[in-house]
Amino acid sequence: MAVTAFRWTNFLVRVVVAFVLVFATYNPSGHSWVHWFIESTNKLDPIIILSAIILIIGWAVYLRATARSLGFFGSLLVVALFGSIIWAMIFYGWLSLENPSVLGYVALVLLSILLAVGISWSHIRRRITGQIDVDDVETNI
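Draft legend 1. Quick look at a nonpolar patch on the surface. The grouping of Leu44, Ile49, Ile53, Ile57 and Val61 at the surface amounts to a nonpolar patch, some 470 Å² of accessible area in total. For Val61, the location among the structural elements is in helix H3 (residues 46–91).

Below you can see the structure in the form of structure tokens.
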């Protein structure tokens, strides 16, 4: 039987995994898979390829879950929300365009949160509305 209780700790685990996935793939610090691949002299190193496959699997899981749960319109709304948050932070002087790496970090954090919300949305919606998805219904044969 599936576990139906969804707690903040479940969401936090999904956020942490999303952060690891996003920041391991690319980040402005120069310590990421993209930087590792670009700086590598042997692009066909088995460890580089293996790590790329692991990252692709992680991205596929998170993107597919986000696309299925939020859909295009829901994802667009979340991106618009996060874009307006960044705009407000710049407008009120909390974030400066003088340092583009800080803006990059903020964008990567918001992307991680988007992926975590996307992979958790079915659980969150069920907690808010009491409605379950068709995928959640178990059949007894």
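Draft legend 2. Region of the structure containing the confidence of the model for the chain. Across the chain, the average pLDDT comes to 87, with 88% of residues at or above 70. Per-element confidence in the chain is highest for helix H2 (residues 33–39), whose mean pLDDT is 96, and lowest for helix H4 (residues 100–129), whose mean pLDDT is 87.

Draft legend 3. Molecular detail of the packing of helix H1 (residues 8–25) against H3. Direction vectors running N to C along H1 and H3 enclose 130°, while the axes themselves pass 10 Å from each other. By the angle between their axes, H1 is oblique relative to H3. Judged by the sense of rotation from one axis to the other, the crossing of H1 with H3 is left-handed. Residues Arg14, Val17, Ala18, Leu21, Val22, Ala24 and Thr25 of H1 pack against Leu55, Gly58, Trp59 and Tyr62 of H3. Across the contact of H1 with H3, the residue classes break down as eight nonpolar, two polar and one charged.

Cut-offs used in this document
- Residues numbered from 1 in each chain as written.
- Predicted model: local features only at pLDDT ≥ 70, side-chain atom pairs only at ≥ 80, totals over all residues.
- Heavy atoms only, no water.
- Patch = residues over 30% accessible without salt bridge, like charges linked within 9 Å, V, L, I, M, F, W, Y side chains within 5 Å.
- Areas by Shrake-Rupley, 256 points an atom, 1.4 Å probe, with all protein chains shown as cover.
- Salt bridge = Lys/Arg side-chain N within 4 Å of Asp/Glu carboxyl O.
- Helix = DSSP H or I, 4+ residues; strand = E, 2+ residues; numbered from the N terminus.
- pLDDT = per-residue confidence, 0-100.
- Axes fitted to C-alpha atoms, helices over the stretch in contact; angles between N-to-C directions.
- Parallel < 35°, antiparallel > 145°, perpendicular 65-115°, else oblique.
- Left-handed = near helix turned anticlockwise from the far one by under 90°.
- Contact = heavy atoms within 4.5 Å.
- Nonpolar A, V, L, I, M, F, W, Y, C, P; charged D, E, K, R; others polar.

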